[in-house]
Structure formats: C-alpha cells, structure tokens
Amino acid sequence: MRGGGATRVVLTALAAVLGTMPAAALAPGLQVTEAIETGQWLVRERGAKAGGRTVCLRDVASLIQMHHAGAQCSRFVIDNGPRAATVHYTCPGAGHGRTTITVETTHAMTVETQGIADGLPFQDEYWVRRTGSCKAGGSR
C-alpha cells in the first residue's frame, strides 16, 4: 500500500472530482449504486485509525477511478451485483485500474483498487462510511 502522502493526494483529487462529475458520466447501470445513500461520506485508507477525507458523494460509481480522477477512461464492467461491482478501466496515456466496490450496508462500503497511474503501480483499500447529509451551500 502507498504511504500517507500519496493517500492524501488521491483523497484530495477524489474530493475535487466528486462534486464536479455529473451522475450520467459515471458508470450507469451499476447495481451497487442503488444500494447506498448519497450524502457526506468519510473515505479512509483501510486500517487507518484516523484521518481520511470527507466528501459529498453523489454517486458511488465515482469511486471507481480514485487514482485517475477526472481522466477520460473507458470502462468494462466485470461484475455487476447488488452488493458488489468490479470495473476495469483504461485511461489512454494515464494508465489503467481495476476497482471493486463492496457494499456492506446503505451507510458503509469498501473500495479495493489497483492498477498503474503515472507509470507506477498502486494497490489501495479504503473504508467508506456515510456521516450524514451533504453540507448546504457546499461546492461538492
């Protein structure tokens, strides 16, 4: 797994993109998107006791490209179940990845992602927990 600095960069990029991506541009048709509630979520590296990033999550599918946030990528859905989805994506010139989102409850999920970003391999796991409604007037 990556160290804390790299995780902060990924979580910061994720937070910036989550509020700007229209839901239709994400991964339409993923069943797991129906199993969770939108709102304010805490994204924390698995095993970390503290830290993480709070984001306004409008669509769980936006968690697919955490290391390629904002990149134009093609996606291939490998598994599309009501509680888990696995998606492989390719971003020309930027790398590729494979992400599995597993929904535990409407307020908790895990995200496992691995691939190549900026010519370097990555493999990360995150706990994602709903903490409430998105803040009114927020940009995300």
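Residues numbered from 1 in each chain as written. Predicted model: local features only at pLDDT ≥ 70, side-chain atom pairs only at ≥ 80, totals over all residues. Heavy atoms only, no water.

So, about the side chain of Thr-100. In this structure, Thr-100 sits in strand β5 (residues 95–105). There is a polar contact of 2.9 Å between the side chain of Thr-100 and the side chain of Thr-86. (Helix = DSSP H or I, 4+ residues; strand = E, 2+ residues; numbered from the N terminus. Polar contact = N/O pair within 3.5 Å; in protein donor to acceptor, adjacent residues only side chain to side chain.)

Counted according to the given criterion, the structure contains two disulfides. The disulfide bridge from Cys-56 ends at Cys-134, spanning 1.9 Å between sulfur atoms. Because the torsion about its S-S bond is 95 degrees, the bridge between Cys-56 and Cys-134 counts as right-handed. Taken together, the residues span a long stretch of sequence, with Cys-56 in strand β2 (residues 53–57) and Cys-134 in the segment after β7 (120–132) at a distance of 78 residues. Cys-134 gets classed as partly exposed once you look at its relative accessible area, which sits at 27%. (Disulfide = S-S within 2.5 Å. Buried < 20%, exposed > 50% of the residue type's maximum accessible area, 1.4 Å probe, protein only.)

Below, the discussion takes up the nonpolar core. Membership of the largest hydrophobic core comes to 26 residues, with the highest contact counts inside it found for Leu-63, Ile-101, Met-109 and Val-128. Of all the elements in the fold, those that place two or more residues in this core are β1 (39–45), β2, β4 (84–91), β5, β6 (108–117) and β7. It is β4 that contributes the most residues to this core, four residues altogether. (Core = buried A, V, L, I, M, F, W, Y, C linked by side-chain atoms within 4.5 Å.)

Moving on: the pattern of salt bridges. The final tally for this structure, using the stated rule, is three salt bridges. The salt bridge partner of Arg-130 is Glu-37, with a shortest N-O separation of 4.0 Å. Taken together, the residues span a long stretch of sequence, with Arg-130 in strand β7 and Glu-37 in the loop between α1 (4–18) and β1 at a distance of 93 residues. A salt bridge links Arg-129 to Glu-104, with the nearest nitrogen and oxygen atoms 3.5 Å apart. Taken together, the positions of Arg-129 in strand β7 and Glu-104 in strand β5 put the pair 25 residues apart, joining distant regions of the chain. (Salt bridge = Lys/Arg side-chain N within 4 Å of Asp/Glu carboxyl O.)

Attention now moves to the pairing of β1. For β1, the buried fraction is high: six of the seven residues fall into the buried class. In terms of strand pairing, β1 meets β2 through five bridges, oriented antiparallel. Bridging across to β2, Leu-42 finds its partner in Thr-54. Two strands pair when backbone bridges link them, and β1 and β7 are joined in this way by six bridges, in the antiparallel orientation. Following the sheet pairing, Trp-41 is matched in β7 by Arg-130. (Pairing = 2+ DSSP bridges.)

Honestly, that's just the spatial picture; any functional story needs more than this.
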